[in-house]
Amino acid sequence: MPIPTDPFWQLPYPSQRMPLLADNVVSTSQPLASAAGLQMYARGGNAIDAALATAITLAVVEPCMNGIGGDMFAIVWHEGQMHGLNASGRAPAAWETGKFAHLDSMDPIGWGSVTVPGVVSGWRAIWEKFGSLPFEDLFEPAIRYARDGYLVSPTVHRQWQKQIAKLSGQPGFAESFAPGGRAPLPGERFSCPGQAATLESIARSKGESFYRGELAAAIAAHARDTGGCITEADLARHQADWVQPISMRYRDYELFEIGPNGQGIGALMALGMLQHFDLSGNDRDTGRTLHLQIEAMRLAFADLYAHVGDPEHMQISSAHLLDPAYLAERARLIDPARAGAPRPGNPHSGGTVYLTAADRRGTMVSFIQSNFKGFGSGVVVPGTGIALQNRGWGFSTRPGHPNVVAPGKRPFHTIIPGFLMKNGQPLMSFGVMGGSMQAQGHVQIASRVADFGQNPQAASDAPRWRVKDDNVGVAVEWNCPPDTVEQLRAYGHPVEVAPRFDLEFGSAQLAMRLDHGGYLAASDHRKDGYPVGY
């Protein structure tokens, strides 16, 4: 059978990226990190080992997008079962709601945005449950790059340099990540000995030193000395939680996400609304197709911002937001020929890196970690290379809101791993990193696979749309067809065409299981990475 005639194998967009086919795969945004995962496969490790080595290395070689002081989430398919991991941190005990009541919003940088980092707890939890290689082995590539240095790519330089002016005044930042007052140049070697020492401590103690040992003491001391609230007790109280992923059926597929406090439920809600429209009757890149997707996403965002936060504090549950009758009601608000003004409904109640890995034994992992916006808060613990996240920025300061800041509470989260099943069987682990783009990216990828039969590389290569954070404006990529742009404007969308190389449309990594065994892995052309196989 001549494969080129099969629509699944078509690559209609000019990215020049080719998918990878192999029995064991790993895909992420940075080649050195992908290579670290490949090394674990060569040692006999499984997909979890490969994913962890990749993630730990990403904290070193792409520090402007994630780090040791961030959070992580994962979805794992293993031996016929799906598992979810929420390793996001919580607010310090000193963050009483009244402390922030005078603010319109939380601080975007500095100690006022720092919650307890969860990523190290996540590394340990997922390794304890599924890993096969020694924990220390997973750190070797990252430690080597931190100690001996690596060559910075043009993309990483651009993301890094963009943050220098804003963060250089934060305690500890310049010494670790801008020693010459700037980001390292493309092709320049950068090393961070503090990160090497920190990772050695984490590897040796299996993460204990970060929460109850020398690193915890260093974080708490830096907070006391420079105006922060995190204490040794806050760090010691932290734990990662195994959770049951939530899902939504869409055509013959089912999309799984980690539930609140993350935004993944927004992607599920949008698909639940789109289920009431025939997208496959249109071309995949027409204004009508994009309009319907955009309108569903805007309605989902309206509910996200009104109802979602730490699930222990939500008045409206995930089940209420995903109720089919409620989503059918929301879908009826979508005018197929006109942009609406989305408002939250009333359900009946009672800066990031992503990677995926899959192995010949059938284990698949969808894994995401982040400091939130780039380096995060800008606060760096001296001598450690630990850049602390600014996830506290995700809290509301409005009393009574389900996401209002409070002691020990998890903030609303943007980072989400995705997993697609088909007819009850695992099909694809995937994610689209990038702030509020993530839920939108999941909707676009899932629709391209389910409605139009595209393969993962083509689904990733396609021009994307993005609802802006005001939930009104719409941006499209530079290569979106002009007729589509004009049609969206005719529907009433205020459309902005973004310049080439705009970084606000996310970056996808995908691994799809093939019918006859093995995987098709794909990597987004918008970043440096590519898939590797063994």
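Predicted, not measured: the structure shown is a model, and the values here were computed from it. (Residues numbered from 1 in each chain as written. Predicted model: local features only at pLDDT ≥ 70, side-chain atom pairs only at ≥ 80, totals over all residues. Heavy atoms only, no water.)

**Some thoughts on the packing of helix α2 (residues 47–61) against helix α4 (residues 140–148)**
Alright, step 1. With their axes 8 Å apart at the nearest point, α2 and α4 run at an angle of 10° to one another. By the angle between their axes, α2 is roughly parallel relative to α4. Residue-level inspection shows Ile56, Thr57, Val60 and Val61 of α2 in contact with α4, the latter providing Pro141, Ala142, Tyr145 and Ala146.
Alright, step 2. Grouping the amino acids of the contact of α2 with α4 by side-chain chemistry returns 7 nonpolar, 1 polar and no charged. (Axes fitted to C-alpha atoms, helices over the stretch in contact; angles between N-to-C directions. Helix = DSSP H or I, 4+ residues; strand = E, 2+ residues; numbered from the N terminus. Parallel < 35°, antiparallel > 145°, perpendicular 65-115°, else oblique. Contact = heavy atoms within 4.5 Å. Nonpolar A, V, L, I, M, F, W, Y, C, P; charged D, E, K, R; others polar.)

**Re the side chain of His83**
Alright, step 1. Along the chain, His83 falls in strand β4 (residues 81–87).
Alright, step 2. In contact with His83, other than residues within four places in its own chain, are Ala74, Ile75, Val76, His78, Lys129, Phe130, Trp242, Val243 and Pro245.

**Some words on helix α15 (residues 437–452)**
Since one α-helical turn is 3.6 residues long, residues separated by three or four positions face the same way.
Alright, step 1. Helix length check: α15, at 16 residues, gives a terminal C-alpha distance of 21 Å against a target of 22 Å (1.5 Å per residue), a fit within 8%.
Alright, step 2. In terms of burial, α15 is largely enclosed, as 16 of its 16 residues are buried.
Alright, step 3. Of the residues one or two after α15, Gly453 is the one with positive phi, at around 65°. (Expected span 1.5 Å × (residues − 1). Buried < 20%, exposed > 50% of the residue type's maximum accessible area, 1.4 Å probe, protein only.)

**Points about the packing of aromatic side chains**
Alright, step 1. Considering all chains together, one arrives at 19 aromatic pairs under this definition.
Alright, step 2. Counting every residue linked through ring pairs, the aromatic cluster contains Tyr150, Trp160, Phe173, Phe177, Phe190 and Phe375.
Alright, step 3. Geometry around Trp242 places Lys129 over its ring, the cationic atom sitting 5.1 Å from the centre.
Alright, step 4. When the ring centre of Phe505 is taken as origin, the NZ or CZ atom of Arg466, which lies over that ring, is 5.6 Å away. (Phe/Tyr/Trp six-rings, centres within 6.5 Å; stacked < 30°, edge-to-face > 60°. Lys NZ or Arg CZ within 6 Å of the ring centre and 35° of its normal.)

**Points about the domain arrangement of the chain**
By convention, interface size is frequently given as the accessible area that disappears when the constituent parts associate.
Alright, step 1. Partitioning the chain into domains gives domain 1 (20–242 + 356–394) and domain 2 (243–354 + 415–526).
Alright, step 2. Between the C-alpha centres of domain 1 and domain 2 there is a distance of 26 Å.
Alright, step 3. Both faces combined, the contact of domain 1 with domain 2 buries some 3300 Å², and carbon together with sulfur accounts for 64% of it.
Alright, step 4. Together, Met82, Met364 and Ile368 form the three largest contributors to the area buried by domain 1 at its contact with domain 2, with a combined 20%. (Domains from an automatic or database assignment. Buried area = accessible area lost by both parts, 1.4 Å probe.)

**Brief notes about the environment of Arg189**
Alright, step 1. With respect to the helices and strands, Arg189 occurs in strand β6 (residues 189–190).
Alright, step 2. Sequence separation of Arg189 and Ser153 is 36 residues, and the distance between their C-alpha atoms is 9.8 Å.
Alright, step 3. Dropping the residues within four chain positions of it, Arg189 is found in contact with Asp148, Gly149, Tyr150 and Leu151.
Alright, step 4. Looking at Arg189, its side chain comes within polar contact range of the main-chain oxygen of Gly149, at 3.5 Å. (Polar contact = N/O pair within 3.5 Å; in protein donor to acceptor, adjacent residues only side chain to side chain.)

**Describing empty space enclosed by the protein**
Alright, step 1. Looking at the largest cavity, its volume works out to about 40 Å³.
Alright, step 2. Residue lining of the largest cavity: Arg284, Leu290, Gln293, Gln444, Arg448, Pro463 and Trp465, and that is the complete set.
Alright, step 3. Of all the secondary structure elements, the ones that give two or more residues to the lining of the largest cavity are α12 (287–307) and α15.
Alright, step 4. Residues belonging to the lining of the largest cavity are distributed by class as follows: 3 nonpolar, 2 polar and 2 charged.
Alright, step 5. Here the second largest cavity defines a volume of roughly 30 Å³.
Alright, step 6. Taken together, Asp285, Leu290, Arg448, Pro463, Cys480 and Pro481 make up the lining of the second largest cavity.
Alright, step 7. For the lining of the second largest cavity, the residue count by class is 4 nonpolar, no polar and 2 charged. (1 Å grid on protein atoms, 1.4 Å probe; cavity = no way out; pocket = protein on both sides within 12 Å on 5 of 7 lines; lining within 4 Å. Points joined across faces, edges and corners; volume = space filled by probe spheres on them.)

**Focus: the sheet that holds strand β3 (residues 71–78)**
Alright, step 1. Taken in spatial order, the 7 strands of this open sheet run β7-β4-β3-β11-β10-β2-β21, and their pairing is antiparallel. Edge positions in the open sheet fall to β7 (241–243) and β21 (531–533), since each of these has one partner strand only. Strand-to-strand, the axes of this sheet are offset by a mean angle of 15°, without reference to chain direction.
Alright, step 2. Pairing geometry for β3 and strand β11 (residues 364–370), over 7 bridges, is antiparallel. Note on β11: the bridge partner recorded for Val76 is Val365. (Pairing = 2+ DSSP bridges.)

**So, the nonpolar core**
Alright, step 1. Grouped together as the largest cluster of nonpolar side chains are 81 residues, with contacts concentrated most on Trp123, Ile126, Phe139, Trp160, Leu199 and Phe367.
Alright, step 2. Other than its neighbours up to four places away in sequence, Phe139 contacts Ile56, Trp123, Leu199, Ile202 and Ala203.
Alright, step 3. Leu271, Phe301, Ala450 and Val474 belong to the second largest nonpolar core, which has 63 residues in total. (Core = buried A, V, L, I, M, F, W, Y, C linked by side-chain atoms within 4.5 Å.)

**Focus on α12**
Alright, step 1. With 21 residues, α12 should cover 30 Å at 1.5 Å per step; its first-to-last C-alpha distance of 30 Å lies within 8% of that length.
Alright, step 2. Among the 21 residues of α12, 18 are classified as buried, and the element is accordingly described as predominantly covered.

**What to know about the pattern of salt bridges**
Alright, step 1. Summed over all chains, the structure comprises 28 salt bridges.
Alright, step 2. A salt bridge links Asp234 to Arg237; the shortest N-O distance between them is 2.7 Å. Of this pair, Asp234 and Arg237 both sit in helix α10 (residues 232–237), 3 residues apart, roughly one helical turn.
Alright, step 3. We classify Asp234 as buried; its relative accessible area is 5%.
Alright, step 4. Ionic pairing is found between Asp285 and Arg284, a salt bridge with its closest N-O pair at 3.8 Å.
Alright, step 5. When its relative accessible area of 13% is taken as the criterion, Asp285 is described as buried.
Alright, step 6. Each member of the salt-bridge network shares a partner with another, and the members are Arg124, Glu128, Glu208 and Arg212. (Salt bridge = Lys/Arg side-chain N within 4 Å of Asp/Glu carboxyl O.)

**What about the pairing of strand β2 (residues 25–28)?**
Alright, step 1. By the alternation rule, side chains of β2 split into Val25 and Ser27 and Val26 and Thr28, which are all buried.
Alright, step 2. When β2 meets β21, the two strands line up antiparallel, connected through 3 bridges. Each bridged residue has a counterpart across the sheet, and for Val25 the counterpart in β21 is Gly533.

**Looking at unusual backbone geometry**
Alright, step 1. For Asn471, which is not glycine, the phi dihedral falls at a positive 60°.
Alright, step 2. On the secondary structure map, Asn471 appears in the loop between β16 (465–467) and β17 (474–476).
Alright, step 3. Exposure remark for Asn471: the relative accessible area of 9% places this residue in the buried category.
Alright, step 4. Its identity as a non-glycine residue notwithstanding, Phe501 has a phi of 70°, on the positive side.
Alright, step 5. Mapped onto the elements, Phe501 comes out in the loop between β18 (495–497) and β19 (507–513).
Alright, step 6. By relative accessible area, which is 60% here, Phe501 ends up exposed.

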